[in-house]
Amino acid sequence: MVILVTLSYRGYDLQTSNGCRPVAEVLMATFMLVLGLLSLLEPTVDCRRTVKHRHHWKANLIKNYLKTHKSLEGMVRLVDGESEYEGNVEIMHLGKWGAICDDEWDAREGQVVCRQLGYNGTSRVTHNSHFGQTARKYWIDNTQCDGQETEISKCRFDSWGENDCDPSEAAGVVCGSPEPEKPKYSVPAVTVSAKKVIQKYKIKDTSGSDIELRLAGGRTSEEGRVEAKTNDGWGVICGDGFGVLEALIVCRSIGLGYAAAAFQTDQFGGLDLPVVLSAVECAGNESSLAGCYHQHKATCSTKKETVAAVACVRDMADLAVNVEELIRSAYLEDRQMYFLQCAMEENCLASSAYQIRRDEIDWHLITRRLLRFTAKITNVGTAPFRPVVPKHLWQFHQCHMHYHSMEVFATFDVLDENGMKVAEGHKASFCLEDNQCTDGARPSFACADFGDQGISVNCSDIYRHNIDCQWVDVTDLNPGLYTLKVSVNPEHKIPEMTYANNAAVCSMFYSETFVKIHNCVLQNP
């Protein structure tokens, strides 16, 4: 059967033999319906009756969505997972599927996606293209949800298509219910099978503690694919989900220093070798790869076959949060939203502020309560800390009149006794420069005049308490005891010697008139 659909471009009327008729929107909806049906009609299970029933339900699903929304815009699906309730998240925009970047991707965003798909909760969210690298364009980056949205497209994020992500940064979810309620408006997962919980084990418990590692296929001895020797002999590590934390342990175990980069690639060969480890997951503080976790069945779960690879270096940056400055500088301020408009452009306030701006005429006179403090970040490593994004891709922020070289350099969060976020942390997009240096070091980086950005060895980047966005919006917080967590490089986007000193976790007493920060400890974000 051949289906021919002719449509107008960007809403212009079609020319027909009877003259001009405004049917573009109807034909666009029909065209998207056909595309959606054709993409879903591939058999995914062996039983023809089951496939026929399921495809009939999928067709009705798309019809209902079109009836309500007049387009497929904003639909989501999960791809490349082993079962329908898990996978990398993709979203429909302008008639094309695209990926979502894992920057700022956490439990709230996962909760919204699973709810949109009709599942009863989120088991966990995934990063670093856990279900395989994406081959699609990123539609969404820096997603910020409050957890109550009905669709992920209703959360705050950068403009459609604006991102600084590579194929190994796809966001994913594992939804909690194996038997989803029929979703109202969203396409179900591409892969269909019964729910199967994939349990992970420590490598030393299944393959022994004497894991040998080596690099092969690289241009130098410090780079290449990672080969491991287990009870099954020599083989490669599947690239799915392999990130800088795992690379850090590999370089340390081999004695090559620190990880400069982690790759999910076939550039260094190895696709013809057996897979001996897969879904490797490290915390970054293990003494060897044997202390990390992995999937007992050594196989790549996706069709996009890649192997884990690393590049190692001897010198590396190492950032540390100054807890004394944090404790000394914290205070509360009430400020009218009129003076916070630049900060709102950078998503520095809680979700309720944006709701007020939409609903209230005199929103600019309403005040927000801000927990302000100074963040002093020192490079205690042996190499400069530099942004990963090339200079020509830095974003210029008109309100603050400077370039931002990193979109997610620091996060500030207030947690309750159960570890849940109760005040939305500012996902700071900093400019990086040397504000204060010690031990004979001289400043090398400055933000002014499109200068080079970074933090030199023995130098500190100081964001003082009176700077825009140097706060947590605690307007909706009730008085009580909480935990304040200030993290730098929280998503491990840039390699460091260690991440054990990247987060300051402090006790916080908050009342209606003052705040006290105390008992701070440094830990991994």
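Just above sits the structure.
About the criteria used
Throughout, residues of each chain are indexed from 1 in the direction in which the sequence is written. The predicted nature of this model means local features are confined to residues of pLDDT at least 70 and side-chain atom pairs, given and counted, to a pLDDT of 80 or more, with totals for whole chains, interfaces and linings taken over all residues. Note that water and hydrogens are dropped before the side-chain values are worked out from all heavy atoms of the structure. For two strands to be treated as a pair, DSSP must find at least two bridges joining them. Numbering goes from the N terminus for both helices and strands, where a helix is a DSSP run of H or I of at least four residues and a strand is a run of E of at least two. Each axis is a line fitted through C-alpha atoms, and for a helix only the stretch in contact is used; angles between axes span 0 to 180 degrees, taken between their N-to-C directions. Each residue's exposure class comes from its accessible area (1.4 Å probe, protein chains only) as a fraction of the maximum for that residue type: buried when under 20%, exposed when over 50%, partly exposed otherwise.

Student: Would you mind showing me how to read the sheet that holds strand β28 (residues 471-473) here?
Tutor: Sheet strands pair via backbone hydrogen bonds, and the direction of the pair is either parallel or antiparallel. Strands sit in the order β18-β19-β28 across an open sheet of three strands; the sheet is antiparallel. The open sheet terminates on both sides in strands that have one partner only, identified here as β18 (331-336) and β28. Strand-to-strand, the axes of this sheet are offset by a mean angle of 35°, without reference to chain direction. Note that β18 and strand β19 (residues 367-372) share six bridges and pair antiparallel. Looking at β19, one finds that Tyr-331 is bridged to Arg-372.

Student: Hey, could you run me through the sheet that holds strand β20 (residues 375-379) in this one?
Tutor: Here we have four strands laid out as an open sheet, ordered β17-β20-β27-β26, and antiparallel in their pairing. At either end of the open sheet lies a strand with only one pairing partner, and these are β17 (319-321) and β26 (436-437). When β17 meets β20, the two strands line up antiparallel, connected through three bridges. Directly across from Ala-320, in β20, lies its bridge partner Thr-378.

Student: Where do I start with the pairing of strand β11 (residues 223-230) in this structure?
Tutor: Consecutive residues of a regular strand have side chains that alternate between opposite faces of the sheet. Within β11, seven of the eight residues are buried, leaving the element largely enclosed by the surrounding structure. Counted between consecutive antiparallel strands, the loop separating strand β10 (residues 212-217) from β11 contains five residues. Across three bridges, the pairing between β11 and strand β16 (residues 307-313) is antiparallel. Paired with Gly-224 across the strands is Val-310, a residue of β16. Of the pairings in the sheet, the one linking β11 to strand β12 (residues 233-237) comprises four bridges and is antiparallel in character. Bridge pairing in β12 links Glu-227 to Val-236. Linking two consecutive strands that pair antiparallel, namely β11 and β12, is a turn of two residues.

Student: Whenever I open this one, the environment of Leu-277 confuses me. Can you help?
Tutor: As for its placement among the helices and strands, Leu-277 is situated in strand β14 (residues 275-281). On a C-alpha basis, the gap between Leu-277 and Gly-239 in space is 9.6 Å, while along the polypeptide they are 38 residues apart.

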